[in-house]
Amino acid sequence: MSNQTAAQWQEHVAEKRRRQQASVPQEWTIPAVPDAQSNVLDVPDTCGLLTDRELEITGTTDVAMLLKNLASAEWSAVEVTTAFSKRAIVAHQVVNCLTEIFVDKALQRAAELDAYLKEHGTVMGPLHGLPVSLKDQFPITGLETTMGYAAWIGKVAEDDAVLVKLLLRAGAVLFVRTNVPQTLMWGETNNNVFGRTLNPFNRKLTPGGSSGGESALISMHGSPLGVGSDIGGSIRVPAHFCGLYGFKPSSHRMPSYGIVNSLDGQESIATALGPLTTSLSGVTAFFQAILGLEPWRYCPATIPKPWSQDDFMLRTRDGGRQLCFGIMWDEGSVKPHPPIHRALTITKNALEAAGHKVIEWKSLRHAEYIAVARSIFLADGSEDYNSCLATGEPLINSMNPNADPDEIPAFRIPRQPLTAYQLWQLNKERRALRKAHLDRWEATIAETGTGRPIDGLICPVAPYAAVPHGQTRSSIYTVIWNTMDAPGLVIPVTNVDPEIDLKHSREEFWSEEDRIVHDMYDPEIYKGVPVGVQLVGPTLQEEVVLGVGAVVDAALKAHHV
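Residues numbered from 1 in each chain as written. Predicted model: local features only at pLDDT ≥ 70, side-chain atom pairs only at ≥ 80, totals over all residues. Heavy atoms only, no water.

J.: I tried to follow the overall build of the protein on my own but got confused; where do I start?
T.: Each helix and strand in the protein was counted, giving 19 helices and 13 strands. Here the C-alpha radius of gyration of the protein, 22 Å, is about what a compact globule of 561 residues would show, namely 24 Å. With the C-alpha coordinates of the protein rotated into their principal frame, the extents come out at 60 × 60 × 50 Å. Contacts in the protein between residues at least 24 apart in sequence constitute 80% of all its contacts with a sequence separation of at least 6. Total accessible area on the protein is roughly 21900 Å²; 52% of this is exposed by carbon and sulfur atoms. Of the charged side chains in the protein, 49 are positive and 63 negative; the average position of the first set lies 4 Å away from that of the second. (Helix = DSSP H or I, 4+ residues; strand = E, 2+ residues; numbered from the N terminus. Rg over C-alpha atoms; globule rule 2.2 N^0.38 Å. Contact = heavy atoms within 4.5 Å. Areas by Shrake-Rupley, 256 points an atom, 1.4 Å probe, with all protein chains shown as cover. Lys, Arg positive; Asp, Glu negative; His and termini not counted. Charge placed at Lys NZ, Arg CZ, Asp CG, Glu CD.)

J.: Please explain the pairing of strand β9 (residues 324-327) as it appears in this structure.
T.: Note on strand geometry: in a regular strand, side chains alternate between the two faces of the sheet. Residues C324 and G326 point to one face of β9 and F325 and I327 to the other, with burial holding for every one of them. Across four bridges, the pairing between β9 and strand β10 (residues 357-360) is parallel. In the sheet register, G326 faces β10, and the bridge partner there is I359. The pairing of β9 with strand β11 (residues 456-459) spans three bridges and is parallel. Residue pairing in the sheet places I327 in a bridge with I458 of β11. (Buried < 20%, exposed > 50% of the residue type's maximum accessible area, 1.4 Å probe, protein only. Pairing = 2+ DSSP bridges.)

J.: For this particular structure, what's the right way to read the pattern of salt bridges?
T.: Two side chains carrying opposite charge are able to pair once their charged atoms lie near each other. Across all of its chains, the model carries 28 salt bridges by this definition. The closest approach of N and O atoms between E15 and R18, which form a salt bridge, is 3.0 Å. Placement of both E15 and R18 in helix α1 (residues 3-22) is noted, with a separation of three residues, approximately one turn of the helix. What makes E15 partly exposed here is its relative accessible area of 34%. Here K86 ties to E54 by a salt bridge, and the two come within 2.8 Å at their closest N and O atoms. (Salt bridge = Lys/Arg side-chain N within 4 Å of Asp/Glu carboxyl O.)

J.: Would you explain unusual backbone geometry in this entry?
T.: Glycine aside, negative phi is the norm for most residues, and most peptide bonds take the trans geometry. Cis geometry is adopted by the peptide bond preceding S210, which originates at G209 and carries an omega value of 10 degrees. Tracing the backbone shows S210 in the loop between β5 (195-196) and α8 (212-219). A positive phi angle is found at E294, which is not glycine, with a value near 50 degrees. Looking at the element boundaries, E294 is found in the loop between α10 (280-291) and α11 (309-312).

J.: Is there a simple way to explain the environment of E79 in this structure?
T.: Topologically, E79 is positioned in helix α5 (residues 77-95). Residues E79 and L107, 28 residues apart in the sequence, show an inter-C-alpha distance of 8.8 Å. Contact partners of E79, with chain neighbours within four places excluded, come to R53, I57 and E74.

J.: Explanation requested: the environment of M185 in the structure shown.
T.: By the element assignment, M185 lies in the loop between β3 (173-178) and β4 (190-191). Along the backbone, M185 and L67 are 118 residues apart, and their C-alpha atoms lie at a distance of 34 Å. When residues no more than four places from it in sequence are discounted, the contact partners of M185 are I231, L263, F377, Y385 and R412.

J.: Explain helix α13 (residues 366-377) to me, please; I cannot follow it from the model alone.
T.: In an α-helix, one full turn covers 3.6 residues, which means residues spaced three or four apart are oriented alike. If you check α13, its first and last C-alpha atoms are 17 Å apart, about what twelve residues at 1.5 Å a residue would give, namely 16 Å. Structurally, α13 contributes buried residues whose contacts are with α15 (420-443) and α17 (476-484). (Expected span 1.5 Å × (residues − 1).)

J.: I'm lost on helix α12 (residues 338-353) in this one. Help?
T.: Given a rise of 1.5 Å per residue, 16 residues ought to cover 22 Å, and the 22 Å separating the end C-alpha atoms of α12 matches this to within 8%. Among all positions in α12, only P338, P339, I340, R342, A343, L344, I346, T347, K348, A350 and L351 are buried. Backbone geometry just downstream of α12 places G355 in the positive-phi region, at approximately 95 degrees.

J.: Would you mind going over the sheet that holds strand β13 (residues 530-536) with me for this structure?
T.: Hydrogen bonding along the main chain pairs the strands of a sheet, whether they run parallel or antiparallel. On the basis of which strands lie adjacent, the open sheet formed by eleven strands has the order β1-β3-β2-β6-β8-β7-β12-β13-β11-β9-β10 and mixed pairing. Of all strands in the sheet, those with a lone pairing partner are β1 (98-101) and β10, marking the two edges. The mean inter-strand angle of the sheet, taken between neighbouring strand axes irrespective of direction, is 30 degrees. Relative to β13, β11 is paired through three bridges, and the arrangement is antiparallel. Bridge pairing links L457 to V536 in β13. (Axes fitted to C-alpha atoms, helices over the stretch in contact; angles between N-to-C directions.)

J.: Honestly, the pairing of strand β2 (residues 131-135) in this entry has me stumped. Any pointers?
T.: Where burial is concerned, most of β2 is hidden: five out of the five residues are buried. What you see with β2 is no split at all: P131, S133 and K135 on one side and V132 and L134 on the other are buried throughout. Here four bridges tie β2 to β3, and the two strands are oriented parallel to one another. When the bridges of β3 are listed, V132 appears paired with L174.

J.: Just to check I follow, could you spell out the packing of α12 against helix α19 (residues 542-559) for this structure?
T.: How two helices sit against one another is set out by the angle between their axes and by the gap between those axes. Look at α12 against α19: their axes get within 8 Å of each other, and the N-to-C directions meet at 95 degrees. Compared by their axis directions, α12 and α19 come out roughly perpendicular. Together, I346, T347, N349, A350, L351 and A353 of α12 and V552, A555, L556 and H559 of α19 make up the contact between the two elements. (Parallel < 35°, antiparallel > 145°, perpendicular 65-115°, else oblique.)

J.: Help me understand the side chain of N199, please; the structure alone is not making it clear to me.
T.: As for its placement among the helices and strands, N199 is situated in the loop between β5 and α8. One polar contact links the side chain of N199 to the main-chain carbonyl oxygen of F241, over a distance of 3.2 Å. In this structure, N199 is in contact with S38, V95, L205, T206, P207, F241, C242 and A466, ignoring residues within four places of it in sequence. (Polar contact = N/O pair within 3.5 Å; in protein donor to acceptor, adjacent residues only side chain to side chain.)

J.: For this particular structure, what's the right way to read the packing of aromatic side chains?
T.: For any pair of aromatic rings, the description consists of the separation of the ring centres together with the inter-plane angle of the planes. A complete count under the given rule lists eight aromatic pairs for this structure. Geometrically, the ring pair formed by Y521 and Y526 is tilted, given 5.5 Å between the ring centres and 40 degrees between the ring planes. Across the pair, Y526 and Y521 agree in class, each one buried. Among the aromatic residues, those joined into a cluster by ring pairs are F247, F287, W307 and F312. For K155, the ring lying beneath its charged end belongs to W152, and the centroid distance is 4.7 Å. Between the NZ or CZ atom of R506 and the centre of the ring of W510, over which it lies, the distance is 5.6 Å. (Phe/Tyr/Trp six-rings, centres within 6.5 Å; stacked < 30°, edge-to-face > 60°. Lys NZ or Arg CZ within 6 Å of the ring centre and 35° of its normal.)

In short, the description is geometric, and any link to function would need to be established separately.
See the structure below:
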């Protein structure tokens, strides 16, 4: 790369950052927070920018309550949008989570919603007045969508993505978009355009990726609900790292037409779109609202399956009074850290205390799931990534801040591109694996005692909680469910406690990756960060997963652990 080429893309980045800074209302800037302050969750409460009423609004974690107060005009859409916009700007100043900031446009939209409610006496839609943030993959007319690539600076959208259109029809207020990693295919969030996003619980740690801008923002209550994407854990891992609810539905339940994406056109394991939010009611509200607008009429890939209230209420499962869960303690090659095991134990005990049954689910053939997924993702020989680096911007080979930029880790070394025939063989292998998984799920009917298979599978989201920057490993605990196209819901459970989550010595390891992950664990490094669990269900049974998830969430809250 010539010095001239390097200077050009860097100039474009510098100009983009200047324009981003200009979009921040100057009166909303706060004094710099010392770098030594790791936990910044209290900054919005202590910085003095937000009024008491704005703190009350943004401190309301139950999305259903936010929607109720907006619908009743207890809170106007303008004041709710103002409150979350101010808090989002504060969050951005300490964790660097935003890409596009369009507060003026959002406030104009909010004023229109208030006028509509006053004139008609009813809401415009089920998400009336709710501020919603978007991962930097959702084009909005008149705005750039860089997706972390310098070459995409200046590409202004001429149309909204389908999901954007439906959110607006549902009454939502879109106000910011959030940061992503270059190429998206990382479990952390850093790119050459906007830089690195930090975890508000500890800025030395990552908020996850690729929806890490969303998780960082929402965990600081800078947004009550955001929309991300997930092809290998990109909703679920950030939700787990930041103490949120995150939901990856089956890949064709939500409308994806019009989004920008990495590996665009790769449909063997398709990207799924879903929410990250502060409450389970937020997940349900989002899903019901979008399905209620019949997204299959606007996105040809979306399955025409309306919301099923019967499935959500678990009517064929005795209303959820006595369920049976499988629990998978590990996937067989990498043992989770002690806090992850404790979160699973808490969940199991809470469910059993509530009268439900929990049976063991042993990992089986998961290495094959991972191998198929990796081969599919790398089938193009990195041609997709390289095509997005047209300005001479370098490919980021490591998320480690201290890494040698020229050193390429083994898992990032490009493979030879596959032929169409070779890709077909992978699709056949995946099809056989999905059938084996389905048969195994159905076979649990012999153990459940309910006359039906397990109602859900409880498992880790990752083998660790939020890790230091540059230390994420393969997202094996989430990729397996993308390979199966199984919906997965992340539910927050606890936080790392060094006095309880002690490191155990081990002499034997299941794999080299197992040894590396084991050696990473230091209870003091992870102190206080959130830990969640993942609830998995069968393909296209999203309403069942959300209904069963409500049972799990209620059991955890009743268990008070």
